[in-house]
Amino acid sequence: MKLRLGVNIDHVATVRNARGGDNPDPVRAARLAQDAGADGITAHLREDRRHIRDKDIAALKRDLRIPLNLEMAATDEMLAIALKHRPHACCIVPEKREERTTEGGIDCITGFNRLKPIVGQLTEAGIRVSMFIEPDRKQIDAAHSLGAPVVELHTGAYANAFGEARAHILKRIVIGAEFGAGLGLEIHAGHGLTYDNVGPIAGIPHIVELNIGHFLIGEAIFVGLADTLARMRRAMEEGRR
Ligand code: PXP
């Protein structure tokens with residue numbers, strides 16, 4: 001099965017917001033990524049608007065031909081925004097104000113009752129819902145019971161680990177992907193992926209989409225977004241083989 005690449009453009013907005021104003025424009029980056037063959041664009045509208053802002057979501061929805069995946073916390077505010085803009089997909093993520101980035105998966109077990117109506121309303125609106133979770137059987141089971149058709153397995157711990165610890169986490173991701181696919185879920189993965197660590201994740205046959213942001217935007221500073229995406233695509237394809 002083809003492995004899709006979703007490009008997260010949040011950190012173009014991080015640079016823009018460092019000075020205020022409009023440059024660099026994350027929507028321009030999204031269009032460039034689209035022209036360079038990205039399969040989708042991902043953007044996280046955080047509660048504190050530290051990178052992507054409301055007007056970016058409206059512009060992305062208006063300008064893109066490829067699917068928009070809105071990452072969002074499970075709050076009433078974000079639900080209303082998602083229902084207004086109707087992106088192709090929403091990925092439900094946990095969010096803490098103090099964290100530098102999304103530090104772990106959302107807990108679909110303890111949060112079940114709060115998450116259920118949000119997943120339901122997004123689904124009713126025709127939005128494909130994905131739960132960003134740790135590669136844990138109980139979480140995958142709970143995400144499935146919530147009615148989400150997709151899970152995105154958090155690869156942050158894998159990316160941060162070395163040696164045997166990384167191999168151990170990779171095994172959990174492999175088992176989780178197989179388990180989720182067996183339940184009929186579509187399996188995505190993402191967080192912390194780079195040219196060097198993407199191969200083993202891309203090699204997991206049940207995974208159909210990777211969402212990658214920070215590394216791609218950083219590399220693009222040196223060689224441009226199109227070359228960066230082409231090289232990431234090659235690394236993914238090598239891993240897939
Ligand atoms: N997937 C999800 C659900 C995320 O929250 C993020 C970070 O915003 C990513 C993928 C991309 O992670 P990174 O920027 O480390 O590539």
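Residues numbered from 1 in each chain as written. Predicted model: local features only at pLDDT ≥ 70, side-chain atom pairs only at ≥ 80, totals over all residues. Heavy atoms only, no water.

Colleague: Help me understand the site of the ligand in this model?
Modeller: Of all residues adjacent to the ligand, which total 14 residues, the nearest are Glu-71, Glu-152, Gly-192, Gly-213 and His-214. The side chain of Glu-71 places a nitrogen or oxygen atom 2.9 Å from an oxygen atom of the ligand. Within the contact set of the ligand, an oxygen atom lies 2.8 Å away from a backbone nitrogen or oxygen of His-214. In the complex, the protein chains occlude 95% of the 390 Å² of accessible area that the ligand would expose alone. Looking at the shell around the ligand residue by residue, the classes come out as four nonpolar, seven polar and three charged. (Near = heavy atom within 4 Å. Polar contact = N/O pair within 3.5 Å; in protein donor to acceptor, adjacent residues only side chain to side chain. Areas by Shrake-Rupley, 256 points an atom, 1.4 Å probe, with all protein chains shown as cover. Nonpolar A, V, L, I, M, F, W, Y, C, P; charged D, E, K, R; others polar.)

Colleague: Explain the sheet that holds strand E7 (residues 186-190) to me, please; I cannot follow it from the model alone.
Modeller: Two modes of strand pairing occur in sheets, parallel and antiparallel, and in both the strands are linked by backbone hydrogen bonds. Pairing is parallel around the closed barrel formed by eight strands, whose spatial order is E1-E2-E3-E4-E5-E6-E7-E8. Ignoring strand direction, the axes of neighbouring strands in this sheet form an average angle of 25°. Sitting on the sheet, helix H8 (residues 163-182) is in contact with strand E6 (150-154), E7 and strand E8 (207-212), with an inclination near 175° to E6. (Pairing = 2+ DSSP bridges. Helix = DSSP H or I, 4+ residues; strand = E, 2+ residues; numbered from the N terminus. Axes fitted to C-alpha atoms, helices over the stretch in contact; angles between N-to-C directions. Contact = heavy atoms within 4.5 Å.)

Colleague: Can you help me understand the pairing of strand E5 (residues 128-133) in this one?
Modeller: Each regular strand shows side chains that alternate between the opposite faces of the sheet. With five of six residues buried, E5 is to be regarded as a mostly interior element. Sheet topology places strand E4 (residues 89-92) next to E5; four bridges connect them, and they run parallel. Considered in E5, the bridge of Ile-92 is made with Met-131. With four bridges joining them, E5 and E6 adopt parallel strand pairing. Paired with Phe-132 across the bridge in E6 is Glu-152. (Buried < 20%, exposed > 50% of the residue type's maximum accessible area, 1.4 Å probe, protein only.)

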